[in-house]
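Here is how the chains run, residue by residue.
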Amino acid sequence: MRIFKILFVVAIFITNINSQTIINRYSEKLMLENDGNLKLDITFNLKSDSMHTLSLPLNFNNKDVKILNYDSTIQDIKLEKNDGVKFIVIYFKGFSDSLIDYNLKLEVKNYFDFEKNKTDFGNYILSYKFVNFSSLKIRKIESYIFLPEKYVFTSVLETLPKQKSNNPEDIYVFSRENSRNYIKLKNTDLGIGDGIFIKFKFKMEEKSKIFLVILVFIAVGYMIFFRDLVKQKK
Amino acid sequence: MEQVNTIAINPKQKIDDLLDLDKHKLSVIPEKKSTPLERWMKYLGLPVGILVFSLIYFMPTPEGLTASGQSIIACFSFALVLWISESLPTHVTSLLLMIMLVFLDGWEMSNVLGVLGYDVIWLNVMAFILSSLLVKTQIAKRIALNLIVKFGHKSMPMLLAFVILQLSLAPLIPATAARTVITLPIMLIVAAIYGSTNEDPNGFGKNLLLQNLMGINIFSSGFLTGSTANIIAVSFIMSMADTKVYYTDWMFANLPVVIILMLIMWFLGPKLLIRMKPEEKVPVIEGGIDSLKNQLKKMGKMTKLEKKGALIFGIVVLLWITDRFHTMIFGFEIDPVMAAIVGGVITLLPKVGVLKWNEADIPWHLMLFSAGAYAGGLALNDSGAAKWVIERVFSLIHFDKNLNFWYIYIIVVGIMLFSHLVFTSKTMRTIILIPFIITLAKELGLNPLWLALPAAFTIDWVVGLPISAKPNVILFTTGQYSVLDNIKYGLFVSFIGLLLLIIAGMTWFRFLGITP
């Protein structure tokens with residue numbers, strides 16, 4: 001908890017705060033590639049008002065992050081590190097008193113090591129967390145985690161917030177876009193220091209052909225071995 | 001009065017032989033003769049099961065489903081084919097299912113093995129200890145003889161007596177499993193008097209057990225307090241649809257429907273589904289009904305052992321009936337399973353109890369069946385596969401505002417009703433489906449009550465499979481009927497029920513203001 005408090009203070013220092021401002025919607029698409037790199041597409045929606053800069057948390061410590069692209073409404077982006085936490089500092093071009101979508105694209109090199117993280121049944125375990133170290137509250141957050149093509153989700157091991165048994169609304173949903181499976185994690189009213197977390201298993205979508213052959217043998221063998229069941233009794 | 005001895009097909013049996021349940025132990029697997037159709041089903045069951053499994057398992061993983069979910073659906077479908085066809089003994093199929101769930105990355109081993117510790121399995125064990133208590137002390141025999149002497153000259157009044165019995169127990173004891181445990185030994189003895197044992201079950205025994213299964217589950221839906229899931233459904237309707245539903249609203253609307261449904265099943269079941277041979281329609285006792293009267297007379301007043309047994313069983317029943325006052329009396333609520341364990345402990349206590357462990361007839365092979373089957377069902381719930389199946393079904397139907405209300409009503413109530421085939425938990429089914437139905441109604445510009453309340457009326461109609469609910473699991477362990485018999489009865493009652501809900505929706509519910 002102490003680290004959260006320290007980081008919160010740091011976040012306040014490095015950001016030009018307008019206490020009335022909130023991030024209306026924060027959406028991030030994390031696209032895991034076959035080579036272990038991660039492409040990150042962040043879109044957030046806010047009224048910049050009198051803000052010059054905004055620091056967004058970048059929850060990829062000890063990873064090499066590269067800026068790929070950003071909107072023309074953004075003047076500049078810098079990656080900074082304060083007390084071990086990485087931030088994306090966004091410099092706005094001008095002020096806006098209406099809600100505007102801002103978009104930026106990043107790449108995290110060597111995010112996931114497929115060799116090291118392989119477990120039983122060919123599963124890989126991946127966990128992801130987003131902690132709101134920015135100085136603004138987030139009204140609605142959506143994290144999409146895309147698997148590389150031909151990979152499927154096996155199961156979800158843990159989430160934050162937890163899926164309550166009496167809550168009909170899902171914390172996460174599985175879906176597919178352009179032949180890539182993804183999981184969507186969502187939450188609302190994320191205060192400063194609050195976070196979302198997911199840990200899941202995934203694997204290559206391939207089934208053993210030998211297993212299918214064995215099944216055929218069992219079926220045929222059974223029909224031969226138990227043919228007396230339907231033999232006409234004389 | 002028709003005398004039993006006019007039937008000459010079955011040799012008459014001595015009453016002591018029939019009522020001596022030590023000779024028809026449930027823990028012993030009897031050898032059963034198969035008909036040619038059953039032999040063909042056994043022969044083709046495994047290959048068909050493998051085919052079904054392969055089609056599901058090897059297909060590309062559908063959108064929105066996990067690899068685990070796909071494995072679980074494939075394994076469960078395979079097991080379902082095997083349970084129906086009985087290619088392998090049902091308990092072996094269950095064990096096979098447990099292995100497959102683990103080996104095919106469907107469900108964690110600790111989860112699969114943990115099912116043997118679930119409340120339904122404990123309740124099963126305790127149910128058979130309490131049943132053995134009622135059998136050994138002769139209480140069950142006395143109640144059964146009284147029932148038969150009063151109603152049981154013929155099969156139909158006998159079956160009707162059980163329908164009435166279950167209807168009267170439903171508002172008193174909300175826990176369906178408890179009702180099953182109370183009536184199970186009586187069912188077994190009555191079935192035995194009609195010549196149906198687990199070694200050689202007949203049409204009467206099948207009808208009796210299955211009608212009780214239907215009655216225990218379906219009568220729960222006649223009352224708002226019949227199950228926790230009913231209360232959850234109403235709280236969703238109240239919070240999401242802003243409509244109050246009172247106890248009497250529920251009862252006036254649905255109780256007549258379920259009573260008519262059970263009467264239809266009572267009448268049609270033995271005539272259409274499982275026909276009874278003439279010799280199965282009367283008690284197969286040497287000397288006929290007079291012999292049973294003599295037997296009852298011979299039993300005389302209650303013995304000390306009977307009184308002791310009645311007292312122990314009475315304590316358990318009292319705990320079941322008074323569940324809503326437990327917190328007031330004890331400071332906490334005693335679960336029906338714990339109440340049964342209390343009864344089991346007293347029953348087995350040396351000198352105080354009435355039963356030695358060796359006298360308790362517990363069919364362990366069927367406990368294994370229950371555990372495996374439950375593991376399959378729970379894995380479907382836990383992985384989200386059951387929910388995915390239902391969502392697929394809903395997505396196949398393109399609902400829009402121009403659709404006729406009654407078309408939407410039939411589809412929604414039908415899906416809610418038949419969804420019990422993929423869910424083992426009524427609560428989970430309610431939490432997933434009722435809010436979904438309320439939202440759907442709102443999107444279509446309909447009053448949510450019109451769809452959600454009739455759908456909620458079917459929450460307790462969990463009759464299709466031996467694992468659909470706790471009473472089903474307990475009753476299946478008597479060995480009096482097959483998985484196929486259960487499915488046949490269950491699906492038939494579901495279709496008739498749906499038809500009744502449609503008719504009620506257009507008439508009775510409309511009169512009560514539930515439907516437009």
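Residues numbered from 1 in each chain as written. Chains lettered and ligands numbered in written order. Predicted model: local features only at pLDDT ≥ 70, side-chain atom pairs only at ≥ 80, totals over all residues.

A. Up close: the overall build of chain A. Looking only at helices and strands, one finds 2 helices and 13 strands in chain A. Buried residues in chain A amount to 24% of all 234 residues. Taking all contacts inside chain A whose residues are at least 6 apart in sequence as the whole, residues at least 24 apart take part in 78%. (Helix = DSSP H or I, 4+ residues; strand = E, 2+ residues; numbered from the N terminus. Buried ≥ 20, exposed ≤ 12 C-beta atoms within 10 Å, placed from the backbone. Contact = placed C-beta atoms within 7 Å.)

B. Just the sheet that holds strand 6 (residues 85–92) of chain A, in detail. Residue and element names in this part refer to chain A. An order of 3-6-5 is seen for the 3 strands of this open sheet, with the pairing classed as antiparallel. Every other strand in the sheet has two partners, leaving strand 3 (53–58) and strand 5 (74–82) as the edge strands with one partner each. Taking each pair of neighbouring strands and ignoring which way they run, the sheet shows an average axis angle of 25 degrees. The sheet contact formed by strand 3 and strand 6 spans 6 bridges and is antiparallel. Within strand 6, the position partnered with Leu-58 by the bridge is Lys-86. (Pairing = 2+ DSSP bridges. Axes fitted to C-alpha atoms, helices over the stretch in contact; angles between N-to-C directions.)

C. Examining the nonpolar core more closely. Core analysis: the biggest nonpolar cluster contains 160 residues, and Leu-101, Val-190 and Ala-452 of chain B have the highest contact counts within it. A per-element tally of this core places helix 9 (residues 176–193) of chain B first, with 13 residues. Grouped together as the second largest cluster of nonpolar side chains are 34 residues, Phe-130, Ile-196 and Ile-198 of chain A together with Ala-67 of chain B included. (Core = buried A, V, L, I, M, F, W, Y, C linked by C-beta atoms within 7 Å.)

D. The arrangement of the packing of helix 19 (residues 405–418) of chain B against helix 23 (residues 483–506) of chain B in detail. All names here are of chain B. At a minimum axis separation of 10 Å, helix 19 and helix 23 run at an interaxial angle of 145 degrees. You can see that helix 19 and helix 23 cross each other, and the crossing is right-handed. Within the contact between the two elements, helix 19 uses Tyr-409, Ile-410, Val-413, Gly-414, Leu-417 and Phe-418 and helix 23 uses Ser-494, Gly-497, Leu-498, Leu-501, Ile-502 and Gly-505. Partitioning the contact of helix 19 with helix 23 into residue classes produces 8 nonpolar, 4 polar and no charged. (Left-handed = near helix turned anticlockwise from the far one by under 90°. Nonpolar A, V, L, I, M, F, W, Y, C, P; charged D, E, K, R; others polar.)

E. A look at unusual backbone geometry. The linkage connecting Leu-160 of chain A with the following residue, Pro-161 of chain A, adopts the cis geometry, with an omega of 0 degrees. Looking at the element boundaries, Pro-161 of chain A is found in the loop between strand 10 (151–160) and strand 11 (172–177). Although it is not a glycine, Asn-110 of chain A adopts a positive phi angle of roughly 50 degrees. Take Asn-110 of chain A: it is sitting in the loop between strand 7 (100–109) and strand 8 (124–131). Even without being glycine, Glu-86 of chain B reaches a positive phi, approximately 55 degrees.

F. Region of the structure containing the interface of chain A and chain B. Counting residues at the interface gives 22 residues for chain A and 22 residues for chain B. Per element, the largest residue contribution to the side of chain A that touches chain B is 6 residues, and it comes from helix 2 (residues 209–225) of chain A. Looking at the side of chain A that touches chain B, its residues break down into 14 nonpolar, 4 polar and 4 charged.

G. Representation of the confidence of the model for chain B in the model. Residue and element names in this part refer to chain B. In this model, chain B carries an average pLDDT of 88, and 95% of its residues clear a pLDDT of 70 or more. Low pLDDT (under 50) marks residues 1–11, which in the prediction has 17 contacts with non-local residues, meaning those over four places away or in another chain. Interface scoring of the predicted complex returns ipTM 0.87; its pTM is 0.83. (pLDDT = per-residue confidence, 0-100.)

H. Structural detail: the sheet that holds strand 8 of chain A. Judged by pairing direction, the sheet is antiparallel, and its 3 strands sit side by side in the order 8-13-10 (chain A) without closing on themselves. The open sheet has two edge strands, strand 8 and strand 10 of chain A, and neither has a second partner. Taking the axes of each pair of neighbouring strands and ignoring which way they run, one obtains an average angle of 25 degrees across the sheet. Alignment of strand 8 of chain A against strand 13 (residues 195–204) of chain A, held across 8 bridges, turns out to be antiparallel. Looking across to strand 13 of chain A, one finds that Val-131 of chain A is bridged to Gly-195 of chain A. Its contacts with the sheet place helix 3 (residues 67–85) of chain B against strand 10 and strand 13 of chain A, and it is angled at close to 110 degrees to strand 10 of chain A.

I. Structural context of the pairing of strand 4 (residues 64–70) of chain A. All names here are of chain A. Burial analysis of strand 4 places just 0 of its 7 residues in the buried class, which makes it a mostly uncovered element. By the bridge criterion, 6 bridges tie strand 4 to strand 7 in an arrangement that is antiparallel. In the sheet register, Lys-66 faces strand 7, and the bridge partner there is Glu-107.

J. Fine view of helix 20 (residues 426–443) of chain B. All names here are of chain B. Here helix 20 spans 25 Å end to end across 18 residues, near enough to the 26 Å set by a 1.5 Å rise per residue. Every buried residue belonging to helix 20 is among Lys-426, Arg-429, Thr-430, Ile-431, Ile-432, Leu-433, Ile-434, Pro-435, Phe-436, Ile-437, Ile-438 and Ala-441, and all of these are buried. Directly beyond the C-terminal end of helix 20, a positive phi value near 75 degrees is found at Gly-445. (Expected span 1.5 Å × (residues − 1).)

K. Local environment of the packing of helix 7 (residues 139–151) of chain B against helix 9 of chain B. Residues and elements named next belong to chain B. Packing of helix 7 against helix 9 brings their axes to within 9 Å, and their N-to-C directions diverge by 60 degrees. On the basis of the axis angle, helix 7 is oblique to helix 9. As for the relative orientation of helix 7 and helix 9, their crossing is right-handed in sense. Seen from helix 7, the contacting residues are Ala-140, Lys-141, Ile-143, Ala-144, Leu-147 and Ile-148; seen from helix 9, they are Pro-185, Ile-186, Ile-189, Val-190 and Ile-193. A class-by-class count of the residues in the contact of helix 7 with helix 9 yields 10 nonpolar, no polar and 1 charged. (Parallel < 35°, antiparallel > 145°, perpendicular 65-115°, else oblique.)

L. Inspection of helix 11 (residues 228–240) of chain B at higher detail. Residues and elements named next belong to chain B. With 13 residues, helix 11 extends 18 Å from end C-alpha to end C-alpha; this agrees with the ideal 18 Å at 1.5 Å per step. The set of residues buried in helix 11 consists of Ala-229, Asn-230, Ala-233, Val-234, Phe-236 and Ile-237. Projected down its long axis, helix 11 carries its buried residues within an arc of 155 degrees, all on one side. Looking at helix 11, the residues exposed on the side facing more than 90 degrees away from the buried face are Met-238 and Ser-239. In the core, the buried residues of helix 11 are packed alongside helix 20 and helix 21 (448–456). (Arc of directions from axis to C-beta.)

M. Region of the structure containing the confidence of the model for chain A. Residue and element names in this part refer to chain A. For chain A, the mean per-residue pLDDT works out to 85, and 88% of the residues sit at or above 70. The least confident element of chain A is helix 1 (residues 2–14), whose mean pLDDT is 49; the most confident is helix 2, at 96. pLDDT under 50 marks residues 8–19. Its contacts with residues more than four places away, or in other chains, come to 25 contacts.

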